[in-house]
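Working through the structure, step by step
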Amino acid sequence: MTRAPWRALLALLGLWPGLWPGPCPGLSAPPRPRPPDPRTELDAIISLAKALLSDTKAFLALLKSRFPAEGEHKLDSLPVLSMSALELANIQAAAVLSRLSSDLQRYRRHLEWLRRAGPALRPLEPELGALLARLERLGRSLDLLLSRLSLPRPSAPQTPLPAPGSPWAAVRAGHAVLQSLHLYLDWASRALVLLRNKL
């Protein structure tokens, strides 16, 4: 007789799953959180690239006003843009994102190199350091997107950069790096927008 109340209680718990501790039969598990949308991440990367393009343009104007150096300056170690309009219109995510990641690594090394180039560019150290920090932020965002899309993250060649032979050589190198970075970011911003429109 003493077991009857317990049996009645167990029967009631079976009729009302919500009263039973643990998973409730017949109820679905809570939905899993959605993974981040690559398009949203790409929008953020486009904003970073455009902001960095604006910052680079401003820094290049400052460099020209402080250290005028007429003409076009080049360094063989800098990335080279060689994509036609047709290739740009047919870009694929794997190709453009991997290339951007690799090329930004190379530009980061060149900006770090300019910071060690001697006293010639030292008056611009705060602006150069801020520009480098923004470029590194863009690179990290690109690498995170590559990881989410399961795309390989390329590594840039680690060819040593020789020290400038004179203060004037450091100034010319600064012009070469900033002019190249400005043109490259203009291209990269356009390529990223085209890629975003395809998604």
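To be clear, the structure that these remarks concern was listed above.
Residues numbered from 1 in each chain as written. Predicted model: local features only at pLDDT ≥ 70, side-chain atom pairs only at ≥ 80, totals over all residues. Heavy atoms only, no water.

1. Things to note about the overall build of the protein chain
Helix and strand counts for the protein chain come out as six helices and zero strands. Going residue by residue from the N terminus, the α and β elements of the protein chain occur as α-α-α-α-α-α. A buried classification covers 35% of the 199 residues belonging to the protein chain. Summed over all atoms, the accessible surface of the protein chain reaches about 12500 Å², with 60% contributed by carbon and sulfur. (Helix = DSSP H or I, 4+ residues; strand = E, 2+ residues; numbered from the N terminus. Buried < 20%, exposed > 50% of the residue type's maximum accessible area, 1.4 Å probe, protein only. Areas by Shrake-Rupley, 256 points an atom, 1.4 Å probe, with all protein chains shown as cover.)

2. Some thoughts on helix α2 (residues 38-66)
Here α2 is 29 residues long and its end C-alpha atoms lie 41 Å apart, about the 42 Å a rise of 1.5 Å per residue gives. Those residues of α2 that sit buried are Glu-41, Leu-42, Ile-45, Ile-46, Leu-48, Ala-49, Leu-52, Leu-53, Thr-56, Phe-59, Leu-60 and Leu-63. Where the residues of α2 are buried, they touch α4 (93-115), α5 (125-148) and α6 (167-198). (Expected span 1.5 Å × (residues − 1). Contact = heavy atoms within 4.5 Å.)

3. Regarding unusual backbone geometry
If you check the backbone angles, Ser-150 has positive phi at about 60° while not being a glycine. Note on Ser-150: relative accessible area 65%, which makes it exposed.

4. Section: the pattern of salt bridges
In this structure the tally under the stated criterion is eight salt bridges. Asp-43 is paired through a salt bridge with Arg-196; the nearest N and O atoms lie 2.9 Å apart. With Asp-43 in helix α2 and Arg-196 in helix α6, this pair connects stretches of sequence that are 153 residues apart. A relative accessible area of 33% places Asp-43 in the partly exposed class. Of the charged contacts in the structure, one is a salt bridge between Arg-115 and Glu-125, with a shortest N-O distance of 2.5 Å. Here Glu-125 lies in helix α5 and Arg-115 lies in helix α4, a separation of ten residues in the sequence. When its relative accessible area of 39% is taken as the criterion, Arg-115 is described as partly exposed. Looking at Glu-125, the relative accessible area reads 25%, which means it is partly exposed. (Salt bridge = Lys/Arg side-chain N within 4 Å of Asp/Glu carboxyl O.)

5. Here we look at the packing of α2 against α6
α6 packs onto α2 with a crossing angle of 155° between their chain directions and a minimal axis gap of 9 Å. When the axis of α2 is compared with that of α6, the two are roughly antiparallel. Like other packed secondary-structure pairs, α2 and α6 cross with a definite hand, here left-handed. Among the residues making up the contact of α2 with α6, the classes are represented as 15 nonpolar, six polar and seven charged. (Axes fitted to C-alpha atoms, helices over the stretch in contact; angles between N-to-C directions. Parallel < 35°, antiparallel > 145°, perpendicular 65-115°, else oblique. Left-handed = near helix turned anticlockwise from the far one by under 90°. Nonpolar A, V, L, I, M, F, W, Y, C, P; charged D, E, K, R; others polar.)

6. Observations concerning the packing of aromatic side chains
Taken as a whole, this structure holds two aromatic pairs when the rule is applied. When the centroid spacing of 5.4 Å and the interplanar angle of 55° are considered together, the rings of Tyr-107 and Tyr-184 count as tilted. Here Tyr-184 lies in helix α6 and Tyr-107 lies in helix α4, a separation of 77 residues in the sequence. An identical accessibility class is assigned to Tyr-107 and Tyr-184; each is buried. (Phe/Tyr/Trp six-rings, centres within 6.5 Å; stacked < 30°, edge-to-face > 60°.)

7. Description of the packing of α4 against α6
Orientation of α4 relative to α6, taken along the N-to-C sense of each, is 160°, at an axis distance of 11 Å. Judged by the inter-axis angle, α4 sits roughly antiparallel to α6. With respect to the hand of their crossing, α4 and α6 are arranged in left-handed fashion. Residues that form the contact of α4 with α6 fall into these classes: 19 nonpolar, three polar and two charged.

8. Some thoughts on the side chain of Ser-180
Along the chain, Ser-180 turns up in helix α6. We classify Ser-180 as buried; its relative accessible area is 16%. Here Tyr-107 takes part through its side chain, which lies 2.5 Å from a polar atom of the side chain of Ser-180. If sequence neighbours within four positions are ignored, Ser-180 has contacts with Leu-78, Pro-79 and Tyr-107. (Polar contact = N/O pair within 3.5 Å; in protein donor to acceptor, adjacent residues only side chain to side chain.)

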